[in-house]
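Listed below are the residues making up each chain.
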Amino acid sequence: MDISVVVPLYNEADSLPSLYEWIVRVMREHGFSYEIIFVNDGSTDNSWQIINDLHQNDAAVHGIRFRRNYGKSPALYCGFAKTQGDVVITMDADLQDSPDEIPELYRMIKDEGYDLVSGWKKKRYDNALTKNLPSKIYNATARRVTGLKLHDMNCGLKAYRSEVVKNIEVYGEMHRYIPYLAKNAGFTNIGEKVVEHRKRQFGTSKFGLERFVHGYLDLFSLYFLSRFGKRPMHFFGLLGTLMFLVGFVAVCVVGGVKLAALSQGVPAPLVTDSPYFYLSLTAMILGTQMFLSGFVGELISRSSAERNHYQVAAEI
């Protein structure tokens, strides 16, 4: 099979028939063999009934229905698990992504050898203040942290080589960072394509401003896990040791000043009267706690069933 199209959705009943017809038209015009996987993320409208009707008329349509709303990442994860195509395309169900982009995305994967191609909605029709500006700031931060020169990390329209979606785990709200997940899994040939952004025709956006706060927290969590997930002692142990040493040296200095004053017969205040003494003790205690946190993290990491899970590209 050439292409698997994965469409996560939540309450998009009005747009599903048009999206299906558009995808099918593009596929038939270019002679692709295909499947369409709709992942119904706990919709409360009649989205599931429409998916079921589409399946009855077209065996290439498949559906997954969640009992409740879990989020986009779980929807993509379950959709990826069911794909059979050589190239996997993801797009949103709100008709803001154009299926006409699929042939070129497919060509970039098959002919140009990309592992992943991310869409870039260069010209957007969203509110400039509430969406465009925060999105630019967020993407600038993501580029700096991940090292991926993508203008629109969170674009829903993406193309993947099949091996990519089978070797990454999308969880929580990590759908925003799928290119970074792919990079950490060893799929480094990641490209970008300018794609059309269309105005929403039906319904309202399912994401509010809180997604930017969550996005930053997820970004730094993912960055930390990618660098120290299997060796937490290298982070907590080093930081804890340095903090303990700084506190210990400071305590020695405070005590040394006291002893020097006494040896010269000069009245000196009590060590406990100095604020530096308490700051030093605090640094030593925090350093010890951080070191122990790294030690416990190391024990947990060594006991994990995934401790020796590595991406193997090929064997001879």
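Placed above this text is the structure.
Parameters and conventions
Residues numbered from 1 in each chain as written. Predicted model: local features only at pLDDT ≥ 70, side-chain atom pairs only at ≥ 80, totals over all residues. Heavy atoms only, no water. Helix = DSSP H or I, 4+ residues; strand = E, 2+ residues; numbered from the N terminus. Buried < 20%, exposed > 50% of the residue type's maximum accessible area, 1.4 Å probe, protein only. Contact = heavy atoms within 4.5 Å. Areas by Shrake-Rupley, 256 points an atom, 1.4 Å probe, with all protein chains shown as cover. Expected span 1.5 Å × (residues − 1). Core = buried A, V, L, I, M, F, W, Y, C linked by side-chain atoms within 4.5 Å. Patch = residues over 30% accessible without salt bridge, like charges linked within 9 Å, V, L, I, M, F, W, Y side chains within 5 Å. Salt bridge = Lys/Arg side-chain N within 4 Å of Asp/Glu carboxyl O. Pairing = 2+ DSSP bridges. Axes fitted to C-alpha atoms, helices over the stretch in contact; angles between N-to-C directions. Phe/Tyr/Trp six-rings, centres within 6.5 Å; stacked < 30°, edge-to-face > 60°.

**Q** Go over the overall build of the protein, please, and point to the residues and values.
**A** A count of helices and strands for the protein gives 10 helices and 7 strands. Along the first, second and third principal axes, the C-alpha set of the protein runs to 100 × 55 × 35 Å. By the burial criterion, 44% of the 316 residues in the protein qualify as buried. Relative to all contacts within the protein whose residues are 6 or more apart in sequence, the contacts with residues 24 or more apart total 79%. As displayed, the protein has an accessible area near 17100 Å², and 58% of this comes from carbon and sulfur atoms.

**Q** I'd love a proper account of helix H1 (residues 16–30), names of residues and values included.
**A** Taking 1.5 Å of rise per residue, the 15 residues of H1 would be expected to cover 21 Å, and the 22 Å separating its terminal C-alpha atoms lies within 8% of that figure. Every buried residue of H1 is accounted for by Leu16, Leu19, Tyr20, Trp22, Ile23, Val24, Val26 and Met27. Contacts from the buried residues of H1 go to strand S1 (3–9), strand S2 (34–40), helix H2 (47–57), strand S3 (61–65) and helix H4 (102–110).

**Q** How would you explain the nonpolar core if you had to name every residue and give the values?
**A** Residues Ile3, Val5, Leu19, Met27, Phe38, Ile89 and Met91 are the most contacted members of the largest nonpolar core, which totals 37 residues. Of all the elements in the fold, those that place two or more residues in this core are S1, H1, S2, H2, strand S4 (87–90) and H4. At 8 residues, H1 tops the list of elements feeding residues into this core. The residues contacting Leu19, other than those within four sequence positions of it, are Val7, Phe38, Met91, Asp92, Ala93, Leu95 and Pro99.

**Q** An account of a nonpolar patch on the surface is requested, with residue identities and associated values reported.
**A** A cluster of nonpolar side chains, contributed by Phe244, Leu245, Phe248, Val249, Val253 and Val257, occupies part of the molecular surface with about 530 Å² of accessible area. Here Val249 is to be found in helix H9 (residues 233–263). Residue classification places Val249 among the partly exposed positions, given a relative accessible area of 49%.

**Q** I'd like a rundown of unusual backbone geometry, residues and numbers included.
**A** The phi angle at Asn11 is positive, at roughly 55°, despite the residue not being glycine. Here Asn11 shows up in the loop between S1 and H1. With a phi angle near 70°, Leu95 is a residue other than glycine that sits in the positive phi range. Turning to its location among the elements, Leu95 is positioned in the loop between S4 and H4.

**Q** Before we move on, can you summarise the environment of Val271 with the specific residues and values?
**A** Looking at the secondary structure, you find Val271 in the loop between H9 and helix H10 (275–303). Using a relative accessible area of 25% as the deciding quantity, one classes Val271 as partly exposed. Taking the C-alpha atoms as reference points, Val271 and Gly255, 16 residues apart in sequence, are found 6.8 Å from one another. Setting aside its immediate chain neighbours within four residues, Val271 contacts Val254, Lys258 and Phe277.

**Q** Tell me what's going on with the pattern of salt bridges, and back it up with residues and numbers.
**A** Scanning the model with the defined rule gives 9 salt bridges in all. In this structure, Arg176 engages Glu173 in a salt bridge whose closest nitrogen and oxygen atoms are separated by 2.9 Å. Among the residues examined, Arg176 registers a relative accessible area of 3% and is labelled buried. One connected set of salt bridges, linked through shared partners, spans Arg25, Glu29 and Asp100.

**Q** Lay out the sheet that holds S3 with the relevant residues and their values.
**A** On the basis of which strands lie adjacent, the open sheet formed by 7 strands has the order S3-S2-S1-S4-S6-S5-S7 and mixed pairing. In this open sheet, the two edge strands, each paired with only one partner strand, are S3 and strand S7 (190–194). With direction set aside, neighbouring strand axes in the sheet form an average angle of 20°. In the sheet, S2 pairs with S3 via 5 bridges, with the strands oriented parallel. By the bridge assignment, Ile37 is partnered in S3 with His62. Along the sheet face, helix H3 (residues 72–82) touches S1, S2, S3, S4 and strand S6 (158–161) and points at about 155° away from the line of S1. Against the sheet, H4 touches S1, S4, strand S5 (116–120), S6 and S7, its axis set at about 140° to S4.

**Q** Requested: an account of the packing of aromatic side chains, with residues and values cited.
**A** The final tally for this structure, using the stated rule, is 6 aromatic pairs. When the ring of Phe32 is compared with that of Tyr106, the centres are 4.8 Å apart and the planes differ by 55°; the resulting orientation is tilted. Pair noted here: Phe32 is in the loop between H1 and S2 and Tyr106 is in helix H4, with a separation of 74 residues, a long-range link. Side by side, Phe32 and Tyr106 carry an identical accessibility label, which is buried. With centroids separated by 5.3 Å and ring planes inclined at 80°, the aromatic side chains of Phe277 and Tyr278 adopt a geometry described as edge-to-face.

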